Amino acid sequence: MATERTLSIIKPDATERNITGKIISKLEDAGLRVIAQKRVWWKKKDAKDFYEVHKDRPFFKDLVSYMTSGPIVIQVLEGEDAVATNRKVMGATSPVDAEEGTIRKEFGVNIERNSVHGSDSVENAKKEIDMCFAKKEIVG
C-alpha cells in the first residue's frame, strides 16, 4: 500500500442540500485526510476544461451545465491507496447500483446528481489536483 493523493469534488446537489460535512466525515472515517479544500462556483470554462476528456460524449453539455449550477467543494485527499479508497467510499456512479453505506447510495439523487466526483487513477489525480490547486494551497 502506498500513500497517495486524489481529488474529490462535492457536487452542486450536495452543497445545495448542505450535506458537505456528512460527506467529508465518510471520507475521513475511511482513513482519508483532507489536505486542501475550497468552495468555489465554477464558470463554464472551468467545467469544460476539467471534463474535457468527455467533450465528445452526449452528456458533456449537461454535465457542464450541472457542474456550474451551484457551488462545489474541491478537496485533495491523502491516504493509503487514496484513489481506490475514495472510489470505494463514493460507490458506483449511479446511486441505484451503489453499495449500501457509500456516499452515492446514501446521498446521490440520480446518475448525474450523484453528489461526488473522484479521480479514477493516480495519473488523473495528479492532473486534476494540478488543475484545481496551486502547490501552496496543499498543506499535507
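Calculation criteria
Residues numbered from 1 in each chain as written. Predicted model: local features only at pLDDT ≥ 70, side-chain atom pairs only at ≥ 80, totals over all residues. Heavy atoms only, no water. Helix = DSSP H or I, 4+ residues; strand = E, 2+ residues; numbered from the N terminus. Rg over C-alpha atoms; globule rule 2.2 N^0.38 Å. Buried < 20%, exposed > 50% of the residue type's maximum accessible area, 1.4 Å probe, protein only. Contact = heavy atoms within 4.5 Å. Areas by Shrake-Rupley, 256 points an atom, 1.4 Å probe, with all protein chains shown as cover. Lys, Arg positive; Asp, Glu negative; His and termini not counted. Charge placed at Lys NZ, Arg CZ, Asp CG, Glu CD. 1 Å grid on protein atoms, 1.4 Å probe; cavity = no way out; pocket = protein on both sides within 12 Å on 5 of 7 lines; lining within 4 Å. Points joined across faces, edges and corners; volume = space filled by probe spheres on them. Nonpolar A, V, L, I, M, F, W, Y, C, P; charged D, E, K, R; others polar. Pairing = 2+ DSSP bridges. Axes fitted to C-alpha atoms, helices over the stretch in contact; angles between N-to-C directions. Arc of directions from axis to C-beta.

Draft legend 1. Up close: the overall build of the chain. Broken down by element type, the chain carries seven helices and four strands. Secondary structure elements in the chain, listed N-terminal to C-terminal, are β-α-α-β-α-α-β-α-α-β-α. Over its C-alpha atoms the chain spans a radius of gyration of 14 Å, differing by no more than 12% from the 14 Å that the globule rule assigns to 140 residues. For the chain, the spread of C-alpha atoms along the principal axes amounts to about 35 × 35 × 25 Å. Residues counted as buried form 47% of the 140 residues belonging to the chain. For the chain, long-range pairs separated by at least 24 residues make up 77% of all intrachain contacts whose partners lie at least 6 apart in sequence. As displayed, the chain has an accessible area near 7,800 Å², and 50% of this comes from carbon and sulfur atoms. Averaging the positions of the 24 positive and the 23 negative side-chain charges in the chain gives two centres separated by 5 Å.

Draft legend 2. Region of interest: the layout of surface pockets. Its boundaries defined by the atoms lining it, the largest pocket holds a volume of some 760 Å³. Lining the largest pocket are 27 residues; nearest its centre among them are Tyr51, His54, Phe59, Leu63 and His117. Looking at the lining of the largest pocket, the elements with two or more residues in it are helix H3 (44-50), helix H4 (60-67), helix H5 (82-90), strand E4 (116-118) and helix H7 (122-132). Looking at the lining of the largest pocket element by element, the count peaks at four residues for H7. Every residue along the wall of the second largest pocket is listed here: Glu4, Arg5, Val122, Ala125, Lys126, Ile129, Asp130, Phe133, Lys135 and Ile138. The leading source of residues in the lining of the second largest pocket is H7, at five residues. A breakdown of the residues in the lining of the second largest pocket according to their chemical character gives five nonpolar, no polar and five charged.

Draft legend 3. Geometry of the sheet that holds E4. Read from one edge of the open sheet, four strands run E2-E3-E1-E4, paired in antiparallel fashion. Unpaired on one side and paired on the other, strand E2 (33-40) and E4 mark the two borders of the sheet. Shown here is a sheet whose adjacent strand axes are inclined to one another by a mean of 20 degrees, direction ignored. In the packing of H7 onto the sheet, the strands contacted are strand E1 (3-10), E2, strand E3 (72-80) and E4, and the crossing angle to E1 comes to about 55 degrees.

Draft legend 4. Just helix H2 (residues 20-29), in detail. For H2, the set of buried residues is Thr20, Ile23, Ile24 and Leu27. End-on, the buried residues of H2 take up no more than an arc of 100 degrees, which puts them together on one face. For H2, the exposed residues lying more than 90 degrees away from the buried face are Lys22 and Asp29. One or two steps after H2, the chain reaches Gly31, where phi turns positive at roughly 95 degrees.

Draft legend 5. Representation of unusual backbone geometry in the model. Of note, the phi angle at Asn18 is positive, near 60 degrees, even though the residue is not glycine. Owing to a relative accessible area of 66%, Asn18 belongs among the exposed residues under this scheme. For Ser115, which is not glycine, the phi torsion reads 75 degrees and is therefore positive.

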